[in-house]
Structure formats: C-alpha cells, structure tokens
Amino acid sequence: KQEVTQIPAALSVPEGENLVLNCSFTDSAIYNLQWFRQDPGKGLTSLLLIQSSQREQTSGRLNASLDKSSGRSTLYIAASQPGDSATYLCAVIYPKLIFGTGTRLQVFP
Amino acid sequence: DTEVTQTPKHLVMGMTNKKSLKCEQHMGHRAMYWYKQKAKKPPELMFVYSYEKLSINESVPSRFSPECPNSSLLNLHLHALQPEDSALYLCASSQGRGRDYSNQPQHFGDGTRLSIL
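As the structure is a computational prediction, the values presented were derived from the model and not from experiment. (Residues numbered from 1 in each chain as written. Chains lettered and ligands numbered in written order. Predicted model: local features only at pLDDT ≥ 70, side-chain atom pairs only at ≥ 80, totals over all residues. Heavy atoms only, no water.)

Student: Break down the nonpolar core for me, with residues and values.
Tutor: Membership of the largest hydrophobic core comes to 24 residues, with the highest contact counts inside it found for Leu33(A), Trp35(A), Leu75(A), Ile77(A) and Tyr88(A). Breaking this core down by element, the ones donating at least two residues are β3 (19-25), β4 (32-38), β5 (44-51), β7 (62-67), β8 (72-77), β9 (86-93) and β11 (103-108) of chain A. If near-sequence neighbours (up to four positions away) are discounted, Ile77(A) is found in contact with Glu17(A), Asn18(A), Leu19(A), Leu21(A), Arg61(A), Leu62(A), Asp84(A), Tyr88(A) and Leu105(A). Ranked by size, the runner-up nonpolar core spans 22 residues in total, among them Val60(B), Cys68(B), Leu78(B) and Ile116(B). (Core = buried A, V, L, I, M, F, W, Y, C linked by side-chain atoms within 4.5 Å. Buried < 20%, exposed > 50% of the residue type's maximum accessible area, 1.4 Å probe, protein only. Helix = DSSP H or I, 4+ residues; strand = E, 2+ residues; numbered from the N terminus. Contact = heavy atoms within 4.5 Å.)

Student: Provide a residue-level description of the pairing of strand β1 (residues 4-7) of chain A, including the pertinent values.
Tutor: Residue and element names in this part refer to chain A. In β1, alternate side chains face the same way, and those of Val4 and Gln6 are buried while those of Thr5 and Ile7 on the opposite face are not. Of the strand pairs in this sheet, β1 and β3 are connected by four bridges, and their pairing is antiparallel. Note on β3: the bridge partner recorded for valine 4 is phenylalanine 25. (Pairing = 2+ DSSP bridges.)

Student: Could you give an account of the pairing of strand β8 (residues 73-79) of chain B, naming the residues involved and the relevant values?
Tutor: All names here are of chain B. Summarising the sheet, strand β3 (residues 18-25) and β8 pair through seven bridges and their orientation is antiparallel. Directly across from lysine 18, in β8, lies its bridge partner histidine 79. As defined by bridge partners, strand β7 (residues 64-70) adjoins β8 across five bridges and the pair is classed as antiparallel. When the sheet's bridge partners are listed, asparagine 70 is paired in β8 with leucine 73. The antiparallel pairing of β7 with β8 creates a hairpin that spans two residues between the two strands.

Student: Could you give an account of unusual backbone geometry, with specific residues and numbers?
Tutor: Between Ile7(A) and the following residue, Pro8(A), the backbone shows a cis peptide bond with an omega angle of 0°. Here Pro8(A) lies in the loop between β1 and β2 (10-14). Put simply, Thr7(B) and Pro8(B) share a cis peptide bond, and its omega is -10°. Structurally, the position occupied by Pro8(B) is in the loop between β1 (4-7) and β2 (10-13).

Student: Quick one: what's the story with empty space enclosed by the protein, residue by residue and with numbers?
Tutor: All names here are of chain B. Under the defined criterion, the tally for this structure stands at one cavity of 30 Å³ or more. Volume-wise, the largest cavity comes out at about 40 Å³. Every residue lining the largest cavity is listed: His29, Arg30, Ala31, Met32, Tyr49, Ser50, Tyr51, Glu52, Cys68 and Ser71. Mapped onto the lining of the largest cavity, the elements with two or more residues apiece are β4 (31-37) and β5 (44-50). Across the lining of the largest cavity, the residue classes tally to five nonpolar, three polar and two charged. (1 Å grid on protein atoms, 1.4 Å probe; cavity = no way out; pocket = protein on both sides within 12 Å on 5 of 7 lines; lining within 4 Å. Points joined across faces, edges and corners; volume = space filled by probe spheres on them. Nonpolar A, V, L, I, M, F, W, Y, C, P; charged D, E, K, R; others polar.)

Student: Now, about the sheet that holds β3(A): what can you tell me, with residues and values included?
Tutor: Residue and element names in this part refer to chain A. Spatially, β1-β3-β8-β7-β6 is the arrangement adopted by the five strands of the open sheet, whose pairing is antiparallel. Edge strands, defined here as strands with exactly one partner in the open sheet, are β1 and β6 (56-59). Recorded for the sheet is a direction-independent mean angle of 15° between the axes of neighbouring strands. (Axes fitted to C-alpha atoms, helices over the stretch in contact; angles between N-to-C directions.)

Student: Can you lay out the interface of chain B and chain A for me, pointing to particular residues and giving the numbers?
Tutor: Each partner contributes to the interface: chain B provides 19 residues, whereas chain A provides 19 residues. Of the roughly 1,600 Å² buried between chain B and chain A on both sides combined, carbon and sulfur atoms contribute 54%. Applying the counting criterion to the chain B and chain A interface returns one salt bridge. For the salt bridge of Glu58(B) with Lys96(A), the shortest nitrogen-to-oxygen distance reads 2.6 Å. When contributions to the side of chain B that touches chain A are tallied by element, the ones reaching two or more residues are β4 and β9 (87-94) of chain B. (Buried area = accessible area lost by both parts, 1.4 Å probe. Salt bridge = Lys/Arg side-chain N within 4 Å of Asp/Glu carboxyl O.)

Student: Quick one: what's the story with the state of the cysteines, residue by residue and with numbers?
Tutor: One covalent bond between the sulfur atoms of two cysteine residues makes up a disulfide. Taken as a whole and assessed by the stated rule, the structure comprises two disulfides over all chains. Linked covalently through their sulfurs, Cys23(A) and Cys90(A) form a disulfide whose S-S length is 2.0 Å. Taking the torsion about the S-S bond as the criterion, the Cys23(A) to Cys90(A) disulfide, at about 75°, is right-handed. Pair noted here: Cys23(A) is in strand β3 and Cys90(A) is in strand β9, with a separation of 67 residues, a long-range link. Summarising the burial analysis for this pair, Cys23(A) and Cys90(A) share the class buried. With a sulfur-sulfur separation of 1.9 Å, Cys23(B) is cross-linked through a disulfide to Cys91(B). Across the disulfide from Cys23(B) to Cys91(B), rotation about the S-S bond amounts to roughly -70°, and the bridge is consequently left-handed. One end of the pair, Cys23(B), is in strand β3; the other, Cys91(B), is in strand β9, and 68 residues separate them in sequence. With relative accessibility at 1%, the residue Cys23(B) sits in the buried group. Just so you know, Cys68(B) is unpaired, no disulfide at all, and the nearest cysteine sulfur is the one on Cys91(B), 9.2 Å from it. (Disulfide = S-S within 2.5 Å.)

Next up, the structure:
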C-alpha cells in the first residue's frame, strides 16, 4: 500500500528565507508526482508536475526534484514571501492521486 | 480565479435531505474527479470519470451518487447523509482518458463545504 509522508508538518519562517519541503513515498512504482498549495478553506492549486522520467521541474521561485529510487521529492522555495503562506501537499500519481500529509507553512514579515 | 467551478460554496443539510453538488469545467478535459477532504487531512479520492464514464469508485457508500451528464459537468447527488460526511468536497479535472490521465496535472475547484446536521 502506497503511503506518502511530508516533513515537517508545520514550518514558520521569516520572510526572505530559502525553504525545503520534503515528501517521501513507500512504493517507487509511481507514474508522476505533483505538488499543490492549498489556502485555508480553498481548493488546491497545482504548482508543479514531475514526470517519472524527470529529475526536476522549475517554476519561478519554485523547484521540485524527484528521486524515485529513494522514494523522495523535495520542493525548494527561494526567497520566501508572506504570500507563500499556505499548506503544501505532494501527491504521487499511482495512477490515482495519493496525497501526502501536508506541510503547513507560515512566512511572517 | 479557478478554471473549475463548484456550486454551491457552502451547503447545510439534514440527514433526510436530498441535495446535489455541481462541478463545471470548460478546459476540454475528459477526466473528472470527486474528492473528500476532512479538516486538517489530505483529500481522498471518491470517483473518477473518464469520457463521461465512471472508471473508478473508491468503495464510496451509495448515499453518494455521481453523475456526468456531459464532458463539462460533474454532479454528486447526496441522500441520507450522516454527520461524519461533513467535509470539503473537491472536484478536479485533467486531460486524457483512462490510465492516461496519470500523465496530466489535475486542476481543482475551490470546493463545496458540506455540513450535515
């Protein structure tokens, strides 16, 4: 059974810091991996999709890497801003989406 | 603004009521999904429709009845719900069909927050 875990569960940092959010999964036979953000009471916004054959994807200040063999993905956020405050979810496509436990991020001015 | 629109945003209903949640997308996506999300938990898949046909039912109780009347619309009919069914119900869509949808990103709506009295 696929299990997806995210560490840390919560993170509070001052504005401007570079951040690393971690995602680990137990079965490496995934199709792809997708990162989302969720604002309180809202739906999910897709940030990045990494195909299983890729090692990383970049979008603006976000960079996501994937190491299938070790069952890990990281989301790197450069120069964090208060607007980045949200819950970040990784999801492995297996082929259905199985979500991780989430990291609740707060960036304060 | 999200490209997947869900109505209503909030719904309060009694256990004997019948209501429906609606989801609409105009991105030409042929796969549509219903998820259930409890507070402080990740979303859990309920149903997948591919080309207007139900392809995945994650052993969801029959008091939840999905319907896909056309390629742009997805409904979730609710009847005789229980208090534990109170949650945020999310709709999503993606390109592709069948197992091919796994290669495409899913786009989510803002959800319907459902409360069962």
